Amino acid sequence: MYVIFLAAVAALGGFLFGYDTAVISGTIGSVSAQFGLNDVSTGWYVGCALVGSIGGVAIAGKMSDFFGRKMVLLFSAVLFTGSGIGCMVSESVAGLVFYRIIGGVGIGVASVISPLYISEISVSRYRGTLVSLYQLAITIGFMGAYLVNYGISEHASHMKELGTISGGLWSKYMITESWRAMLGAESLPALLFFGMLFFIPESPRWLVIKSKEAAAFKTLKRVYGTEQANEQVDDLKTLVHSEEKSDWKILFQPGFRVALLIGVSLAILGQFMGVNAVLYYGPTIFQQTGLSEGDSLFYQVIVGLVNFGSTILAMAVIDKIGRKKLVYYGVSGMIVSLILIGFYFMVNKTANVIPPITLLILILIYIFCCAISICVVIWVLLSEMYPAKVRGLAMSAAGFSLWIGTYLIGQSTPWLMNTLSASGVFWLFGLMCLPYLYITWKFVPETTGKSLEDIERMWQKKR
């Protein structure tokens, strides 16, 4: 239970990641109309947070290797809180973009350090499930954002219909400019995250690296018991001190270099398979079928629920089926559903021959396949593939490429939808699934059931 508590607290960073990422989907129309945004500026409003995320992952690894995992998580909680409050009170696009970037830095930091911390405090047998808590928290964050967006939107519409609009701040934030409440609500879970972090210890593996074995043993004893805790400390000390090089040089040794390239490739390719385009622009995509804004937000809530349920299923089986098989099954289903979504938009190009519910079903199948495979597996793999001395740095490198891909998708989706058409965009996403499958089959080893130290030795043998 102690390990589950630690993992759950760290996973709150994933909840904030999910909320901050998904809340934007319900504000695009209102913000674009209020500030007169075009396709390019709308893409920038959505994608600016991803620029912050890129900066966040660039500094997170080095900061966590120097200051520790816990201190950097506290830093991310402060960023999330400031972003939510700042966005809520901003009176210009420039202010919104600034505070969105601040929140993006928090996303980038949390995306590296939360799964890293969980991985380093987990028992090998359950590490996949526990690290998957982070992805589950992301999906809860998505679902929370969709529910908040839908609830606030319905409240605002109802008040407008009744004609009970006053001139106070409540009316401004909750009715006339309800996007402010949607963005500002993030500050509440961010404050909870900040407070809960004071109840968890520092990562024991980081403590051993910093020659603080007594503190590490204290935590490991609660996880493993006295005898196994001593073995864990001795094993990690031997492994750390056997490395002749430090910092980035370790990652460019032959075995670890392969691990780094695999992680970077999977991270960036995963973003070009469409999931974030659906999660960011879902309501906009649904509105292309003729649905109203309210109905589109409701459909997006259903997408969030399926994403959440599918992640729970993935958590239950990832340590039984294995990382690679989940990718094979899930990505294959993604390819089929993306092809069918493309055909849906092609058939409905001139008239809505096929009802919108069909698109919802196809997107739900796609989200299910994605959630049980790449969304869960990527965070587990990245958190366990790299040597202890530079695990933070290596995850930053992979996370950096992940957020570069996410930014490009977030920025370019409106343009791609207008240039290639919706059919072309979804077929492009399906095509990008093929190299992901190939790299997983050819180069990714199965890490299920192996300790972090055993995985590190496996890469050393590949030199």
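Residues numbered from 1 in each chain as written. Predicted model: local features only at pLDDT ≥ 70, side-chain atom pairs only at ≥ 80, totals over all residues. Heavy atoms only, no water.

Draft legend 1. Broad picture of a nonpolar patch on the surface. On the surface, a cluster of nonpolar side chains totalling about 700 Å² of accessible area is made up of Val336, Ile339, Leu340, Phe343, Met346, Val347, Val353 and Trp427. In terms of residues, the nonpolar patch owes the most to one element, helix α17 (residues 323-347), which gives six residues. Checked against the element boundaries, isoleucine 339 lands in helix α17. The exposure class assigned to isoleucine 339 is partly exposed, which follows from its relative accessible area of 37%. (Patch = residues over 30% accessible without salt bridge, like charges linked within 9 Å, V, L, I, M, F, W, Y side chains within 5 Å. Areas by Shrake-Rupley, 256 points an atom, 1.4 Å probe, with all protein chains shown as cover. Salt bridge = Lys/Arg side-chain N within 4 Å of Asp/Glu carboxyl O. Helix = DSSP H or I, 4+ residues; strand = E, 2+ residues; numbered from the N terminus. Buried < 20%, exposed > 50% of the residue type's maximum accessible area, 1.4 Å probe, protein only.)

Draft legend 2. The packing of aromatic side chains, seen in detail. In total, this model carries 13 aromatic pairs according to the counting rule given. Look at phenylalanine 142 and tyrosine 146: their rings are 6.3 Å apart centre to centre, the planes differ by 20°, and that puts the pair in the stacked class. Linking phenylalanine 142 with tyrosine 146, this pair stays in helix α6 (residues 127-162), spanning four residues, or about one helical turn. Of the residues examined, phenylalanine 142 reaches a relative accessible area of 4% and is grouped as buried. (Phe/Tyr/Trp six-rings, centres within 6.5 Å; stacked < 30°, edge-to-face > 60°.)

Draft legend 3. The arrangement of unusual backbone geometry in detail. Unlike most non-glycine residues, serine 211 shows phi in positive territory, near 60°. Positionally, serine 211 belongs in the loop between α10 (204-209) and α11 (213-224).

Draft legend 4. Here's a closer look at the pattern of salt bridges. Inspection of the entire model under this criterion finds seven salt bridges. Here aspartate 65 and arginine 69 are joined by a salt bridge, their closest N and O atoms 2.8 Å apart. Both residues of the pair, aspartate 65 and arginine 69, count as buried. Between glutamate 120 and arginine 69 there is a salt bridge, with the nearest N and O atoms lying 2.9 Å from each other.

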